[in-house]
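Take a look at the letters that make up each chain.
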Amino acid sequence: ALISEPAVLNAATPPLSEVDPVLQHQSGFALGLSCSALPLLQRLQKTGYVKQIALTVKAAEAIQTPPADLIRGSGAALLQQHWRGTVIVIGALGAVTRLIAPLIAGKSTDPAVLVLDAEARVVVPLLGGHQARAEALAYELAAVLGAIAVITGDCVSQKRLPLDAFGRDWGW
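The rules behind these values
Residues numbered from 1 in each chain as written. Predicted model: local features only at pLDDT ≥ 70, side-chain atom pairs only at ≥ 80, totals over all residues. Heavy atoms only, no water. Salt bridge = Lys/Arg side-chain N within 4 Å of Asp/Glu carboxyl O. Buried < 20%, exposed > 50% of the residue type's maximum accessible area, 1.4 Å probe, protein only. pLDDT = per-residue confidence, 0-100. Contact = heavy atoms within 4.5 Å. Core = buried A, V, L, I, M, F, W, Y, C linked by side-chain atoms within 4.5 Å. Helix = DSSP H or I, 4+ residues; strand = E, 2+ residues; numbered from the N terminus.

Undergrad: What should I look at first to understand the pattern of salt bridges in this one?
TA: Pairs may arise between side chains of opposite charge once their charged atoms sit close together. If you walk through the whole model with that rule in mind, you get one salt bridge. Among the ionic pairs, D117 bridges to R121, the shortest N-O distance being 3.2 Å. On the basis of relative accessible area, D117 is assigned to the buried category, the value being 16%. For R121, a relative accessible area of 53% puts it in the exposed group.

Put into structure tokens, the structure is as follows:
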């Protein structure tokens, strides 16, 4: 596994979503699996990485004054409803894996799924590393949040090109 060092974007470094039109407006949804996820959800929304934030019903019940735009629902139903583009989930990898398992269809159609801890220490691209650009977005989010991107793909650890996505930017 390759673990990136925490990085911070400087003023001269545009977000990946600005230089890569495929990533624009794909990060529209983030789900928190516990009430401790709310501050990070709001931070992601404020920075423009997500337009909609959600908590599971149980997590939302633990919030005294939830934001007016907070979506509430079952994790499985919310993920099914927002299964496109990029999905960010704040919670345990095991829980997220179980929630997304019934939705996984294939490398060419699945969205990028990124998992973060509530303290924004790590960003893990769980699904769509190359095809949906989850690895690239993980590096970007890690830089913005001061987190560490945990990349486990063989192409990164072996310093090879991802052949399943090579040429995509040129229309191949």
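Undergrad: Got a minute to help me understand the confidence of the model for the protein in this structure?
TA: Low pLDDT means the predicted atomic positions in that stretch should not be read closely. The predicted model of the protein has a mean per-residue pLDDT of 81, with 71% of residues at 70 or higher. This stretch, residues 1-17, has a pLDDT under 50; its non-local contacts, to residues over four places away or in other chains, come to 35 contacts.

Undergrad: Whenever I open this one, the nonpolar core confuses me. Can you help?
TA: Most often, soluble globular proteins keep nonpolar side chains buried together rather than apart. Core analysis: the largest hydrophobic core is formed by 30 residues, its most contacted members being L44 and L55. For this core, the secondary structure elements donating two or more residues are α2 (38-46), β3 (52-56), α3 (57-61), β5 (86-90), β6 (112-116), α6 (134-145) and β8 (148-151). The element contributing the most residues to this core is α6, with six residues. One finds A54, L78, V96 and V113 within the second-largest nonpolar core, a separate group that totals 14 residues.

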